[in-house]
Amino acid sequence: MNEAERLSKRLIQQTSCSRREAELYIEGGWVTVDGQVVEEPQHPVRDERIELLPGARAETQPPVTLLLHKPVGVGCGLGANSAQQLLSHAHRWAEDASGIRPLNRHLRRLELLTPLETDASGLLVFSQSHAVVRLFKEKGATLEQEYLVEVAGTLDEKGLKRLAFGLSYKGVTLPPCKVSWQSETRLRFAIKAVQPGQLRAMCESVGLQVLGVRRLRFGRTGLAKLPAGQWRYLGPNEKF
């Protein structure tokens, strides 16, 4: 058996590409070892079959941002029942229209930017991009969020106006927001800088029982048809 050597070195020998090109091909998911894509240039190989896939491009892989539809009951921590456990290729939405080729590196070093309570569902944003992370940390409070809240109980016009402006949470007066009925049991909130538990407390303060909370949108990007428990890439032309 031949002595093991780096995959990048073997690819250079086979294709006469430069060392940097070999690394970019491998990191971009364009190289297979015995039919399996390998993304690590240092991966050791001996007698395996090394192939460069058709259409291969020696390009730097940009950081990605993922949008996940968190189901009710799934937490945002690091435990066994966490939203991070859904960030696998098996849970990627089949109708993802971003045009981004899935890579294993896309599922690493992701920062959760928009946590939700365990008993709420809806949009979570994970990102590797320093620009996106900075946007949420510096301007996240100014981005409008849209929620649907399932409720039980009755609410008159005065109560609806109180939800929009006049309530406080944890001793602080809340800024105005937009609230409207979507059905007899569903309220729509367009609101900024939502704190954990805030929407539930707001509704309960006007006599409503909250049955469910779902976040639909953050800024200009929303769930649309993304099914619960699945994720997709933020497309190149999408912005928050």
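First, a word on scope: everything that follows refers to the structure included in this document. (Residues numbered from 1 in each chain as written. Predicted model: local features only at pLDDT ≥ 70, side-chain atom pairs only at ≥ 80, totals over all residues. Heavy atoms only, no water.)

Turning our attention to the packing of aromatic side chains. Inspection of every chain in the model, using the stated rule, returns 3 aromatic pairs. On the numbers, 5.1 Å between centres and 90° between planes, the contact of Trp231 with Tyr233 is edge-to-face. For the pair Trp231 and Tyr233, a shared accessibility class is recorded, and that class is buried. Connected via pairs of aromatic rings, a cluster forms that spans Phe136, Phe218 and Phe240. Its end group placed over the ring of Trp30, Arg101 keeps NZ or CZ at 3.7 Å from the ring centre. (Phe/Tyr/Trp six-rings, centres within 6.5 Å; stacked < 30°, edge-to-face > 60°. Buried < 20%, exposed > 50% of the residue type's maximum accessible area, 1.4 Å probe, protein only. Lys NZ or Arg CZ within 6 Å of the ring centre and 35° of its normal.)

In space, the 3 strands of this open sheet follow the order 3-2-5, with antiparallel pairing throughout. Unpaired on one side and paired on the other, strand 3 (36-37) and strand 5 (50-52) mark the two borders of the sheet. Relative to strand 5, strand 2 (residues 31-33) is paired through 3 bridges, and the arrangement is antiparallel. Considered in strand 5, the bridge of Thr32 is made with Glu51. Along the sheet face, helix 1 (residues 7-15) touches strand 2 and strand 5 and points at about 65° away from the line of strand 5. (Pairing = 2+ DSSP bridges. Helix = DSSP H or I, 4+ residues; strand = E, 2+ residues; numbered from the N terminus. Contact = heavy atoms within 4.5 Å. Axes fitted to C-alpha atoms, helices over the stretch in contact; angles between N-to-C directions.)

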